[in-house]
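Secondary and tertiary structure notes
Single-letter residue listing:
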Amino acid sequence: METEYFLQGQANRYRITDPMKDAQKIDSGNAWIGVSAQRNGIEAMKKWNLQRCSI
């Protein structure tokens, strides 16, 4: 069984110049998160649609 969820929002990109200080906000961008319990599923997805699953 395959289920997809789509979320929408705004993501920020940050730069860390000193790990002991707060990160500096650079700009906004996109984020993609993929979760799988099986490596074979990820490998098959990359062959099926590499552009959508470029990890």
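Residues numbered from 1 in each chain as written. Predicted model: local features only at pLDDT ≥ 70, side-chain atom pairs only at ≥ 80, totals over all residues. Heavy atoms only, no water.

**What to know about the overall build of the protein**
Heads up, the condition is: Helical segments are the DSSP runs of H or I of at least four residues, strand segments are the runs of E of at least two, and each set is numbered from the N terminus. Only protein chains enter the accessibility calculation, which uses a 1.4 Å probe; a residue is then buried when its area is under 20% of its type maximum, exposed when over 50%, and partly exposed in between.
For the protein, the count of helices and strands is one helix and two strands. Its helices and strands taken in sequence order, the protein reads β-β-α from the N to the C terminus. For the protein, the proportion of its 55 residues judged to be buried stands at 5%.

**What to know about the pattern of salt bridges**
Which entries qualify depends on this criterion: The salt bridge criterion pairs a side-chain nitrogen of Lys or Arg with a carboxyl oxygen of Asp or Glu, the two atoms within 4 Å.
Tallied over the full model, the rule gives one salt bridge. Across the salt bridge formed by Asp27 and Arg13, the nearest N and O atoms sit 3.1 Å from each other. With Asp27 in strand β2 (residues 24–29) and Arg13 in strand β1 (residues 11–15), this residue pair connects regions lying 14 residues apart in the sequence. Judged by its relative accessible area of 47%, Arg13 is partly exposed.

**Topic: the environment of Gln24**
Let me state the cut-off plainly: In what follows, residue pairs with any heavy atoms lying within 4.5 Å of each other are defined as contacts.
As for its position among the elements, Gln24 is in strand β2. Setting aside its immediate chain neighbours within four residues, Gln24 contacts Arg13, Tyr14, Arg15 and Thr17.

**Overview of the confidence of the model for the protein**
Condition: The score called pLDDT rates the predictor's confidence residue by residue, from a low of 0 to a high of 100.
The predicted model of the protein has a mean per-residue pLDDT of 77, with 80% of residues at 70 or higher. At the low end of the mean pLDDT range in the protein sits helix α1 (residues 39–48), at 76; at the high end sits β1, at 87.

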